[in-house]
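Report on the structure
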Amino acid sequence: MSFSVTTWADGGTNQGLLPYLAALDQYQLEEFKLCLEPRQLMDFWSAPQGHFPHIPWANLRAADPFNLSFLLDEHFPKGQAWKVVLGVFQTMNLTSLCEEVRAKMKGNVQTQELQGPTQEDVEMLEAAAGNVQTQGCQDPNQKEPEELEEETGNMQTQGCQDPNQEEPEEPEEETGNVQVQGCQDLNQEEPEMLEEADHRRKYREKMTAKLLETWDNIDWPKDHVYIRNTSEGEHEELQRLLDPKRTRTQAQTIVVVGRAGVGKTTLAMQAMLHWANGVLFQEKFSYVFFLSCHKIRYMKETSFAELISLDWPDSDAPIEEFMSQPEKLLFIIDGFEEIIISEPSSESLNDGSPCTDWYQELPVTKILLSLVKKELVPLATLLITIKNCFVIDLKPSLVNPCFVQITGFTEEDLWVYFMRHFEDSREVEKILQQIRKNENLFHSCSAPMVCWTVCSCLKQSKVRYYDLQSITQTTTSLYAYFFSNLFSTAEVDLADESWPGQWRALCNLAMEGLWSINFTFDREDTELEGLEVPFIDCLYKFNIIQKGNDCRGCITFTHLSFQEFFAAMSFVLEEPRELLPHSTKPQEMKILLRDVLLNKEAYWTPVVLFFFGLFKKNLARELEDTLHCKMSPRVMEELLKWGEELGKAESASLQFHVLQLFHCLHESQEEDLAKKMLGHIFEVDLNIPGDEELQASSFCLKHCKRLNKLRLSVSSHILERDLEILETSEVDSRMHAWNSICSTLVTNENLHELDLSNSKLHASSVKGLCLALKNPRCKVQKLTCKSVTPEWVLQDLILVLQGNSKLTHLNFSSNKLGATVPLILKALKHSACNLKYLWLESCGLTHQTCQLFLKLTENTSLSFLSLGDNDLSDVKSLRESSTLPTCPLKQLSLEKCSLSAASCQDLALFLTSIQHITRLCLGFNQLQDDGIKLLCAALTHPKCALERLELWFCQLGAPSCRYLSDALLQNRSLAHLNLSKNHLGDEGVKFLCEALGRPDCNLQSLNLSGCSFTREGCRELANALKHNHNVKILDLGQNDLQDDGVKLLCEALKPSSHRALHTLGLAKCNVTTACCQHLSSVLSSSKSLVNLNLLGNELDHDGVKMLCKALRKSTCRLQKLGIQKDLQSIVREEMQPSQEELCLKLKCAWDFNDLEDKWWW
């Protein structure tokens, strides 16, 4: 066997920032983005060569923490983003997060120092403000091993032997030595071994005999890997295992990670065996101990000294010698997931006092956890093996770990392995070519036992008559044919009527094991399920199960995928009629579906994929005939019922993993099932990184008949990658799938919105897309193409869209338009053009280009234009555009356009001249008080028609409020005013209230969030609201109002005083439970209040219960409540008696009821 190792210790990459970004709440995340501006960054960061990165605002504004981490990775050099994030957190006074980031930065430098610190590392260390000592490799906090496997391909080293090299003969039993091809004679002892103590020699001999006996007791299939046969390349991998990055500095904790069956235990046993035979780690370690977690987890309380003495040749292990040289000890801990499984929760892994006494009797799990956490024998070296999905539980316990990803078989290894079975190179090439088309199956073949399964299946005589493509089309089909053909001719001493019960017993055993995360079963388990001896013997014979390698009398499935397949079968097998009323299978099925499709848990994904795959009708018939069992028709009914319920649930639609559902339905290959399951889908968001996602999307999209919006991001060059080296059939398959997706734009009459943002296209794919958009049957009205590459794609698209009367919305933001600009202008002037909304944000447009769009007067229907994040600091464009009174624009966004106070004179002239403008966004510009003074002159103009004005984050103070207040007294059209994120203070609010307190003030919506005022400002607002009945929306969030301020506000909102307010924002206002009685009074009496945001306040259970009393009253009209996620369960529990939760929406992140409230975005 050969294997490939990938190492990583990626604490220095920017993606490690994700946990810290995810810790920000909705409002902190907004502030963080604003702090990424160069003028903010220069307060705490010196950009290389003075060049501050420009992150397109159109992308940054809409980014969630995950996408924000990618933007940081794209625009900041390695390590620099950490300094930036730390600086921003300091600016935001996020003390706890600052400490966490500093600690992580120190760890990053520790990792880099193993290879010699770079200047960036020194800077990072200085920013973290601490001295660091090198201790080993650092833990990557941000990604799971599955995600990193592809990214670290340059670290792979392969030890695959020549396929033409003959298999070495198996060594005779009595040698007891490991054979290493190309290595020194293993019987030749090193000098140290010649002089070593007799007890150490006996220990080596015992461990050699024990490991070989353990391996020999496993009934491996014929012609499978054998531990004693080790290639020279493999031996080199073992030698560098403790220094995988070749830094000449040994890591003290090495974590070997990989999928089930890729060779983690084999690697651990080989390392132990090679040390015992004197060819590995001789100078480094005097003693190596092999601890099988599966075996010792069942032990009663013991001491650490007794634990490591279990394998000693006699009863007296030299414990004192071990303790005197801890740095010369290596502990190989195999299968640590077994320890995690035995703990009731992940928190318990870090609970309790440290264990440091070698002789103290404790539960064995406690001892191993103390060993892993370096509380026990801190100077010893640890080599830990663990399955992928459990790494996240282990990470918090580790000290400076280095992770080694066991990737299993490489493509070269696959060739060698398949040649052993088929010998004909042309046949092997044909088989591998077909398997590559099924990415899931191809990746699974990295596990040797899956390779054996594939080869065994394809070698079966009956299978040879089937079409190779149909067998390997899905992973389920291959496994189904494999098991079906094994039992089609099997001679088992079982009565016909016993078969269904035996299959149910096996499948239930498999499922019960997965529920309890148990992969090894003892006699009691098998007897409990009712498995009979002849059936078990048959399973042994066909290598479906095998004896446990370190547990006498135990059995285990030969590979985890076997257990997962039979677990999936447990849901589709027909149950006896008398058991149906008591069956829990439908409930269990729904739990699994929710975990995979809603909670996105990877653990159950293979089972759910097999589950869907078993709905394929011809597979079901095949299994029924050969396994002598019956599939239940009720399962399909339960599945469709669950799909209907999911379609009705609002909470599900917010987090529903559509692409995973597509994978499941593609696995079934049942068009009718896909139609029924996808009938309720209205919106689909797809990222297509590979062929597997492309094929699944192609299969499913055509069945989403009610689809209204499609977001499609081809995030890799999947349609272009390797076209020169791929087989023609594979290229044709990919293009057929892409064209099928494009055809959805033509065949689906409900599809009105298409978003291709962040897609990487090429000529052939663009051709298919353009043909679909040009088709008269295409109903797309809204097209978004942000950050699309290459740039010429936009030119092709705009040419197709010229004269398209259906298109009303077009977003080309975050692209360098260049030659596309004239084409857009030409399209807008086309007589058939019906475009009403156009976004050109973050496009690097000059003020001359912007002027061209502002001067559009002829043959255009355009009413909305966003030029945000383009440089309009030269105001000539506005000045010259002000001479065009026939400009059709009604809504204009100049957000973040480098406008200043000097620009406002021309802005004022523009507003008074272009009298059709009703909505204007000037947010994120340094207008300051002087600029607002000039702007207000336009607001008081008799012909000013402005209805909505956005002035958020414009560096305004109290004087601006005086000017705006005077303008509001004269302006009768302005109804919506956004002043958020300006330092207005109590004085500024007081000035505003001079106008707001007038009954004839027409302002309906006022946003004062983050304006630095207190309860005194709230007092002014309360007095004003008593006299003004026009205000409907009032956002006061992120101000220090406290309970006293909100109490004053509640008094003003009594029905006798105010009847109009329907939305009130009080997020992060330092409100406590003491205020809940007053809020409850408003909730129970107000006939207008329907939306209340209380997120980020210090409410407790009693306060929430007080609010619920009001919510249950028939007079309460509230429809949406913003409240912390951990308090929502209390609301639901309290609301149950009245069933009012059906009418009330609970939000842990505030959103907008009306998209008009976010029109400029």
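For clarity, every value in this text was computed on a predicted model and none was experimentally measured. (Residues numbered from 1 in each chain as written. Predicted model: local features only at pLDDT ≥ 70, side-chain atom pairs only at ≥ 80, totals over all residues. Heavy atoms only, no water.)

Re the sheet that holds strand E11 (residues 545–547)
- The strand order across the open sheet formed by three strands is E10-E12-E11, and the pairing between neighbours is antiparallel. Strands at the two margins of the open sheet, each flanked by one partner only, are strand E10 (520–521) and E11.
- In the sheet, E11 pairs with strand E12 (residues 555–557) via three bridges, with the strands oriented antiparallel. If you follow Lys-547 over to E12, its bridge partner there is Ile-555.
- Against the sheet, helix H28 (residues 533–541) contacts E11 and E12, and its axis sits at roughly 90° relative to E11. (Pairing = 2+ DSSP bridges. Helix = DSSP H or I, 4+ residues; strand = E, 2+ residues; numbered from the N terminus. Contact = heavy atoms within 4.5 Å. Axes fitted to C-alpha atoms, helices over the stretch in contact; angles between N-to-C directions.)

A look at the nonpolar core
- With 330 residues, the main nonpolar core has Phe-331, Phe-336, Phe-418, Phe-566, Phe-662, Leu-951 and Leu-1066 as its most contacted residues.
- Those residues in contact with Phe-418 that lie beyond four places of it in its chain are Glu-423, Val-428, Ile-431, Leu-432, Ile-435, Cys-451, Val-454 and Cys-455.
- Counting residues in hydrophobic clusters, the runner-up holds 36 residues, among them Phe-76, Val-84, Cys-98 and Phe-953. (Core = buried A, V, L, I, M, F, W, Y, C linked by side-chain atoms within 4.5 Å. Buried < 20%, exposed > 50% of the residue type's maximum accessible area, 1.4 Å probe, protein only.)

Some points on the pairing of strand E14 (residues 709–713)
- Taken across its five residues, E14 has four buried, putting it largely inside the fold.
- Judged from the five bridges that link them, strand E13 (residues 683–687) and E14 form a sheet pairing that is parallel. Looking across to E14, one finds that Asp-685 is bridged to Arg-711.
- The handedness of the E13 to E14 crossover, carried by helix H37 (residues 691–701), is right-handed.
- Relative to strand E15 (residues 753–755), E14 runs parallel, the two sharing three bridges. Bridge assignment links Lys-709 to a residue of E15, and that residue is Glu-753. (Right-handed = clockwise from strand over helix to strand, strands pointing away.)

A look at unusual backbone geometry
- Here the amide bond leading from Thr-789 into Pro-790 is cis, since omega sits at -10°, within 30 degrees of zero.
- Relative to the elements of secondary structure, Pro-790 occurs in the loop between strand E16 (782–784) and helix H40 (792–801).
- Phi at Ser-1012 takes a positive value of approximately 60°, unusual for a residue other than glycine.
- Mapped onto the fold, Ser-1012 is located in the loop between strand E24 (1005–1007) and helix H48 (1015–1025).

Focus on the packing of helix H11 (residues 198–216) against helix H13 (residues 264–276)
- The N-to-C vectors of H11 and H13 enclose an angle of 150°; their axes lie 9 Å apart at closest approach. Pair H11 / H13 crosses with left-handed handedness. For the pair H11 and H13, the contacting residues are Tyr-203, Arg-204, Met-207, Thr-208, Leu-211, Leu-212, Thr-214 and Trp-215 in the first and Thr-266, Met-269, Met-272, Leu-273, Trp-275 and Ala-276 in the second. (Left-handed = near helix turned anticlockwise from the far one by under 90°.)

Let's talk about empty space enclosed by the protein
- This model, assessed by the stated rule, comprises 12 cavities of 30 Å³ or more.
- Counting residues per element, the lining of the second largest cavity draws most heavily on helix H41 (residues 820–828), at three residues.
- Its residues assigned to classes, the lining of the second largest cavity shows nine nonpolar, three polar and no charged. (1 Å grid on protein atoms, 1.4 Å probe; cavity = no way out; pocket = protein on both sides within 12 Å on 5 of 7 lines; lining within 4 Å. Points joined across faces, edges and corners; volume = space filled by probe spheres on them. Nonpolar A, V, L, I, M, F, W, Y, C, P; charged D, E, K, R; others polar.)

Focus: the side chain of His-559
- By the secondary structure assignment, His-559 is in the loop between E12 and helix H29 (560–572).
- For His-559, the side chain forms a polar contact with the side chain of Ser-561, separated by 2.7 Å.
- What His-559 contacts, discounting residues up to four positions off in sequence, is Ala-260, Gly-261, Ala-447, Met-449 and Val-450. (Polar contact = N/O pair within 3.5 Å; in protein donor to acceptor, adjacent residues only side chain to side chain.)

Some words on the packing of aromatic side chains
- Applying the stated criterion to the full structure yields 53 aromatic pairs.
- Centre to centre, the rings of Phe-571 and Phe-611 are 6.1 Å apart; their planes meet at 80°, and the pair counts as edge-to-face. Highlighted residues: Phe-571 in helix H29 and Phe-611 in helix H31 (residues 605–613), separated in sequence by 40 residues. Both residues of the pair, Phe-571 and Phe-611, count as buried.
- Note on Tyr-837 and Trp-839: the rings are 6.1 Å apart at their centroids and 15° apart in plane angle, and the pair reads as stacked.
- The ring of Tyr-287 carries the charged tip of Arg-200 above its face, separated from the ring centre by 5.1 Å.
- The ring of Phe-924 has Lys-896 sitting right over it, with the charged end atom 5.6 Å from the ring centre. (Phe/Tyr/Trp six-rings, centres within 6.5 Å; stacked < 30°, edge-to-face > 60°. Lys NZ or Arg CZ within 6 Å of the ring centre and 35° of its normal.)

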